[in-house]
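Next come the chains, spelled out residue by residue.
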Amino acid sequence: MTRRTRPPAAEPSADATARLPAPLPAPELTEAECRRCGTYIAGLDGRYACGVCGWVNDHSEGHRRLPTADEDPDRPAARGRSRRPRPLPPGPQEAPPGPADPSPTGH
């Protein structure tokens, strides 16, 4: 049996590298007390959400600006105009509730 090997990765061209945005810095883990209930919470770059009471601080209170959509590495490639998804076809009509089951349940 022969072993398959991957072909060597192609080097990106100079102008392709020049068009790529700079990599985003890693987010900083920050900790604070919830302003509503006092629970100790953690967040990223000074943005918090409390899982106990539901309090969330405003995004503008963070330590760094949020990345734009163009800077998002997980953003899908543009394929032209985006469309709304088609609505689902109507499902079968549900039968109205009938009378209670008259069968005995003594077992």
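An account of the accompanying structure is given in this report. (Residues numbered from 1 in each chain as written. Predicted model: local features only at pLDDT ≥ 70, side-chain atom pairs only at ≥ 80, totals over all residues. Heavy atoms only, no water.)

Things to note about the overall build of the chain
When helices and strands are tallied, the chain shows one helix and two strands. Starting at the N terminus and ending at the C terminus, the chain contains elements arranged as α-β-β. Within the chain, the fraction of its 107 residues that count as buried is 11%. Of all intrachain contacts in the chain linking residues separated by at least 6 positions in sequence, the fraction that spans at least 24 positions is 14%. For the chain, the exposed surface amounts to about 10700 Å²; the carbon and sulfur share of it is 55%. (Helix = DSSP H or I, 4+ residues; strand = E, 2+ residues; numbered from the N terminus. Buried < 20%, exposed > 50% of the residue type's maximum accessible area, 1.4 Å probe, protein only. Contact = heavy atoms within 4.5 Å. Areas by Shrake-Rupley, 256 points an atom, 1.4 Å probe, with all protein chains shown as cover.)

Brief notes about the pairing of strand β2 (residues 40–44)
The alternating pattern of β2 places I41 and G43 on a buried face, while none of Y40, A42 and L44, on the opposite face, is buried. Inspection of the sheet shows strand β1 (residues 29–33) paired to β2 by five bridges, in the antiparallel sense. For E31, the partnering residue across the bridge sits in β2 and is A42. Counting the residues that bridge the hairpin from β1 to β2 gives six residues, and of these G38 lies at a positive phi of roughly 85°. (Pairing = 2+ DSSP bridges.)

With respect to the environment of D72
For D72, the position within the fold is in the segment after β2. The spatial distance from the C-alpha of D72 to the C-alpha of L24 is 8.6 Å, given a sequence separation of 48 residues. Polar contacts involving the side chain of D72 include one to the main-chain amide nitrogen of D74, which spans 2.9 Å. (Polar contact = N/O pair within 3.5 Å; in protein donor to acceptor, adjacent residues only side chain to side chain.)

Digging into the pattern of salt bridges
Overall, the coordinates contain four salt bridges when judged by the stated rule. Here D70 makes a salt bridge to R75, at a shortest N to O gap of 2.4 Å. (Salt bridge = Lys/Arg side-chain N within 4 Å of Asp/Glu carboxyl O.)

Here's the deal with unusual backbone geometry
Working note: non-glycine residues mostly have negative phi, and peptide bonds are mostly trans. Look at D45: it is not a glycine, yet its phi comes out positive at around 55°. Counting through the fold element by element, D45 comes out in the segment after β2.

What about the nonpolar core?
C34, I41, Y48, C50 and W55 form the largest nonpolar core, which has five residues in total. In this structure W55 touches C34, R35, R36, I41, Y48, A49 and C50, once residues within four positions along its chain are discounted. (Core = buried A, V, L, I, M, F, W, Y, C linked by side-chain atoms within 4.5 Å.)

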